[in-house]
Amino acid sequence: MSVITTERHDDVLVIVSNNPPINALGHAVRDGIKQALEQAIADPAVKAVVIRCDGRTFFAGADITEFGKPMQEPQLPGLLEWMESIEKPVVAAMHGTALGGGLETALASHYRIAVPSAKMGLPEVKLGILPGAGGTQRLPRVVGVPAALEMIVGGAPISAKKALEIGLIDRLAGEDNLAADAIAFAREIADQRPLPRVSEKQAVAEPGVFDAFRAANARKMKGFEAPEACIQAIQAAAELPYAEGLALERSLIGKLLASDQSKAQRHIFFAERAAAKIDGLAAGTPLIPIKSVGVIGAGTMGGGIAMNFLSIGIPVTILEMQQEALDRGVATIGKNYAGNVKSGRMTQEQADKATSLLTPTLSYDDLSTVDLVIEAVFENMDVKKEVFGKLDKVAKPGAILASNTSYLDVDEIASATSRPEYVLGLHFFSPANVMKLLEVVRGAKTSDSVLATAMDLAKKIKKIAVVAGVCYGFIGNRMLKPRQDQAGQLILEGAKPSDVDRVFLDFGFPMGPFQLADLAGLDIGWHRDPTRRETVREALCAEGRLGQKSGGGFYDYDEKRNRTPSPVAEKIIAEFAAAKGIPQRQISDEEIRERCLYTMVNEGAKILEEGKAQRASDIDVVWVYGYGWPVYRGGPMLWADQIGLKTVVDGLKRQADRLGKDFTVSPLLLEKAESGKTFN
Ligand code: T1G
């Protein structure tokens, strides 16, 4: 069955694409469109053409799986230039998500119609590239430079309603009547001349608009290459003849497609989707319906976790031991929703609906009917086992019992119940109602249905779920440990906290480890005994330096919480190091990077060796979505592939005598480095 078919409706030829799942503009589709258009041109009885798609969406873009391989003719840019030039009107009929090359196909059409629920966008920048089939030249000519800058550099789609307002589409079709309305529209305009060709319009730019946009978006664009290229291409649309602007677009996308950044961002695009798949799980594994949820603990985590379910209409019963803590937790949830309404992230009625589904309680008995319970209590094994012991007695048969533990052994927690096959870890990241990552920790006895249900639920609450095996810290926190250990060691040997943080900031992290520590608070887990100073953090806490909240930690902070390196903190650290007899020396950025980041890669290799992650790309997803690893570096394992695993091993060997006597290089990493292989 060809992916492209045609239908004759009297004098209108309808070209239909059926290329599931998202009508990607792969070679067969492009070739089919070309042949169908040639058929339309050759047939004098055809007065107009409609292009539409079957399935869930209009073309959602070029076929990303074709990138990096030799492109087969007809290539999309040439096809679209030719399509716009033909003498018969082409009407693009859009539904679903008309994205990337899909929207470019619509822009090269002479007319555009869409159903109200359709969305349109040019998200190529998220793949580290830019619209490469005329989008940077046509969009500004249709919607103006400011809107084009937002859509192309931001990459977010807009609604059909908004598209109509800004002139991106000519009209809206009936939600269930796209095909017929498009044909009627085509017949209506069939004899109108001259054909409206977008490339013949002018794009006008206010003086200074590009530099103003750069300044306004500098922080978001920092470190990325594609956004600047997008701006240059749009600037060309306003300043150069169409053909020259198109040539610049083509040369820019050529460079970007070959860049490490784009390869990294495309890697994450597919890695995110691969993470949702569980190797070896039988297709059709039955899911357990989750119609109500219980959350134990109404603190920051418990409240944030509860919001994920409330926001999608699932009632939550939230349990605390003390009324005051319960009230505080409920109030925080209300405040967070009010914040969402204030920021426009949700309407007041959505917030009211969500909070109406919350039932606070002090009694375990109120958890006896829920389908899933998630505990977010104090991170202590005895406490967790006591909670699960109680849950085992109260929760209904078949209820899933999940722990939000960040480190602890889920199998041991499960052993406190008579139903270990219903126990797993759901490790949310703080703030749990915001962070996209969810580590789903598979216990030795967790059943396939329970695991599949957790992955399905993750999608519903818009989390990116990664399956982790039971080990200390699972995937993310386990790799965080060597990084923190090395950072802590480096400042005892002469590096300043700001030196270490600078290496992380230059690498593309939003924050360095010491900034992060000050933000979270140095007194987390502190024993509060100022006479006990066994670590730098304890020494700082003992001096009342608790981090941002006390005006100083590793850094000093002004009233606006702007940080400056702290001579006081550096003196405390130097004295601490002197007391331990650690000699001070100059430490290079290279050493900081190798000791902090290469040891993370090494730990990731061990996680793979032990089967605690299904695939290297899962580790990349964890770090990009849970810990701010810059997406344009693709995650620790892809980054290691790109710099070369031999480079990583050589770096670890160079630092060997500083990594501690227990440090070992992962055999998997060694083997891959020696055989020139990669993780991904
Ligand atoms: N190419 C190839 N496969 C794609 C694809 C694409 N563009 N988009 C999605 N898939 C696969 C995806 O891997 C998954 O596969 C399945 O389709 C369902 O996707 C010239 C150069 C459209 C909003 O960036 O944003 O055009 O896991 O799970 O959640 O200027 O897919 O089932 O095997 O994401 O409903 C520009 C990318 C490309 C859009 C649907 N377009 N896609 O979301 O399903 S570059 C994009 C999406 C370009 C031109 C340039 C989303 C979606 P599998 P899914 P979804």
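As a convention, each chain's residues are numbered from 1 in the sequence order in which they are written. For a predicted model such as this one, the threshold for reporting local features is a pLDDT of at least 70, and the threshold for listing and counting side-chain atom pairs is 80 or more; totals across whole chains, interfaces and linings nevertheless cover every residue. Derived side-chain values reflect all non-hydrogen atoms in the structure, with water molecules and hydrogen atoms excluded from consideration.

Student: How should helix 19 (residues 476-490) be read in this particular structure?
Tutor: Structurally, the α-helix is built with 3.6 residues per turn, so residues lying three or four positions apart point the same way. The numbering of helices and of strands both runs from the N terminus, where a helix is a DSSP run of H or I of at least 4 residues and a strand a run of E of at least 2. By this rule the span expected of a helix is its residue count minus one, scaled by 1.5 Å. Here helix 19 contains 15 residues, and its C-alpha end-to-end distance of 21 Å stays within 8% of the 21 Å for a straight helix at 1.5 Å per residue. Exposed residues in this analysis have more than 50% of their type's maximum accessible area, buried residues have under 20%, and partly exposed residues fall in between, with area computed by a 1.4 Å probe over protein chains only. All buried positions along helix 19 are accounted for by Gly 476, Asn 477, Arg 478, Met 479, Leu 480, Pro 482, Arg 483, Gln 486, Ala 487 and Leu 490.

Student: Just to check I follow, could you spell out the pattern of salt bridges for this structure?
Tutor: Here the idea is simple: oppositely charged side chains can pair when their charged atoms come close. For salt bridges, the criterion is a side-chain nitrogen of Lys or Arg within 4 Å of an Asp or Glu carboxyl oxygen. In the structure shown here, the tally under the stated rule is 48 salt bridges. With a closest N to O distance of 2.8 Å, Glu 228 and Arg 214 form a salt bridge. On the criterion of sequence distance, the pair formed by Glu 228 in helix 10 (residues 226-239) and Arg 214 in helix 8 (residues 209-216) is long-range, its members being 14 residues apart. Among the residues examined, Glu 228 registers a relative accessible area of 25% and is labelled partly exposed. For Lys 384, the salt bridge goes to Glu 379, with nearest N and O atoms at 3.4 Å. Ionic contacts of the salt-bridge type, sharing partners, join the residues Glu 493, Arg 585, Glu 591, Arg 595 and Arg 658 into one network.

Student: Got a minute to help me understand the domain arrangement of the protein chain in this structure?
Tutor: The accessible area lost on association of the parts is a frequent measure of interface size. For the protein chain, the domain assignment lists domain 1 (4-258), domain 2 (293-472), domain 3 (495-501 + 513-579) and domain 4 (589-675). Taking the mean C-alpha position of each, domain 2 and domain 3 sit 33 Å from one another. In this entry, domain limits derive from an automatic or database-based domain assignment.

Student: In this structure, what is going on with the layout of surface pockets? I would like to understand it.
Tutor: Taking a probe equal in size to a water molecule and rolling it over the atoms shows the remaining empty space. For each structure, a 1 Å grid was placed over the protein atoms alone; sets of points admitting a 1.4 Å probe that cannot get out are labelled cavities, open sets with protein on both sides within 12 Å along at least five of seven lines are labelled pockets, and lining residues have an atom within 4 Å of a point. Grid points are joined across faces, edges and corners, and a volume is the space filled by probe spheres set on the points. In this structure, the second largest pocket occupies an estimated 460 Å³ of space. Of all the secondary structure elements, the ones that give two or more residues to the lining of the second largest pocket are helix 19 and helix 24 (589-609). Take the lining of the second largest pocket: its biggest share by element is six residues, from helix 19.

Student: I tried to follow the site of the ligand on my own but got confused; where do I start?
Tutor: As a structural note, the neighbourhood of the ligand is formed by 25 residues, with Arg 56, Ala 62, Glu 104, Arg 273 and Lys 277 the closest of them. N or O atoms within 3.5 Å of each other form a polar contact, as long as, within protein, one can give a hydrogen and the other can take it, and as long as residues adjacent in sequence are counted only when both atoms are side-chain atoms. At a separation of 2.8 Å, an oxygen atom of the ligand approaches a polar side-chain atom of Arg 56. In the model, an oxygen atom of the ligand is placed 2.8 Å from a nitrogen or oxygen of the Ala 62 main chain. Accessible areas in this description were obtained via Shrake-Rupley with a 1.4 Å probe; residue shielding takes into account the shown protein chains only. If the ligand stood free it would expose 1000 Å²; the protein chains cover 72% of that surface. Throughout this document, a residue counts as near a molecule or strand when at least one of its heavy atoms sits within 4 Å of that molecule or strand.

Student: Sorry if this is basic, but what is going on with unusual backbone geometry here?
Tutor: Between Pro 20 and Pro 21 the backbone carries a cis peptide bond, its omega angle lying at 5 degrees. Mapped onto the secondary structure, Pro 21 falls in the loop between strand 2 (12-17) and helix 1 (27-42). Residues Glu 73 and Pro 74 are joined by a peptide bond in cis, for which omega reads -5 degrees. The phi dihedral of Asp 10 falls on the positive side, at around 55 degrees, and the residue is not glycine. Structurally, the position occupied by Asp 10 is in the loop between strand 1 (4-9) and strand 2.

Student: Would you take a moment to explain helix 5 (residues 145-154) for this structure?
Tutor: Residues of helix 5 that are buried include every one of Val 145, Ala 148, Leu 149, Met 151, Ile 152 and Val 153, and no others. Just past helix 5, the residue Gly 155 takes up positive phi, approximately 85 degrees.

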